[in-house]
Amino acid sequence: KDHEYISVTGPTGTVGITPYAQEQLGDIVFVELPEVGKKLKQGDEAAVVESVKAASEIYSPVSGTVTEVNQNLSGEPGLINSAPDTDGWIFRIAIDDPAELDGLMDANAYAELTA
């Protein structure tokens, strides 16, 4: 419901903002990435995305440790606008408790929320 997505492969999740969220924000001009190794609890602020309209916090959808950040966003934050669910991912996280995924919305529930 905070407009982040998580795509899970094995024990790792890739986190970014949804296409809907990037449309609402407008042109993204800066991304403050989390530090690799940072421990996050579900719901913690992980990153900040700044657009021409506003700054928006990005929250971690699950608890875990940041394993990788998308360094491409430092030089090209607009990747979030052009490809939010592929090249515009923000960080990867080693998931501590896979059961937390069960409490998240699936794509259909999110589509209803944003309709």
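Now for a description of the structure that goes with this document. (Residues numbered from 1 in each chain as written. Predicted model: local features only at pLDDT ≥ 70, side-chain atom pairs only at ≥ 80, totals over all residues. Heavy atoms only, no water.)

1. What to know about the layout of surface pockets
Item 1. Taken as a whole, the largest pocket spans an internal volume of roughly 460 Å³.
Item 2. Along the walls of the largest pocket sit 19 residues, with K1, E4, P61, L104 and M105 positioned nearest its centre.
Item 3. Looking at the lining of the largest pocket, the elements with two or more residues in it are β1 (4-9) and α4 (107-114).
Item 4. A per-element tally of the lining of the largest pocket places β1 first, with 3 residues.
Item 5. For the lining of the largest pocket, the class distribution of residues is 9 nonpolar, 6 polar and 4 charged. (1 Å grid on protein atoms, 1.4 Å probe; cavity = no way out; pocket = protein on both sides within 12 Å on 5 of 7 lines; lining within 4 Å. Points joined across faces, edges and corners; volume = space filled by probe spheres on them. Helix = DSSP H or I, 4+ residues; strand = E, 2+ residues; numbered from the N terminus. Nonpolar A, V, L, I, M, F, W, Y, C, P; charged D, E, K, R; others polar.)

2. Quick notes on the sheet that holds strand β2 (residues 12-17)
Item 1. With respect to topology, 5 strands assemble into an open sheet ordered β1-β2-β8-β7-β4, the strand pairing being antiparallel. Edge positions in the open sheet fall to β1 and β4 (39-40), since each of these has one partner strand only.
Item 2. As paired strands, strand β7 (residues 64-69) and strand β8 (residues 91-95) are joined by 5 bridges and run antiparallel to one another. Bridge pairing links V66 to I93 in β8. (Pairing = 2+ DSSP bridges.)

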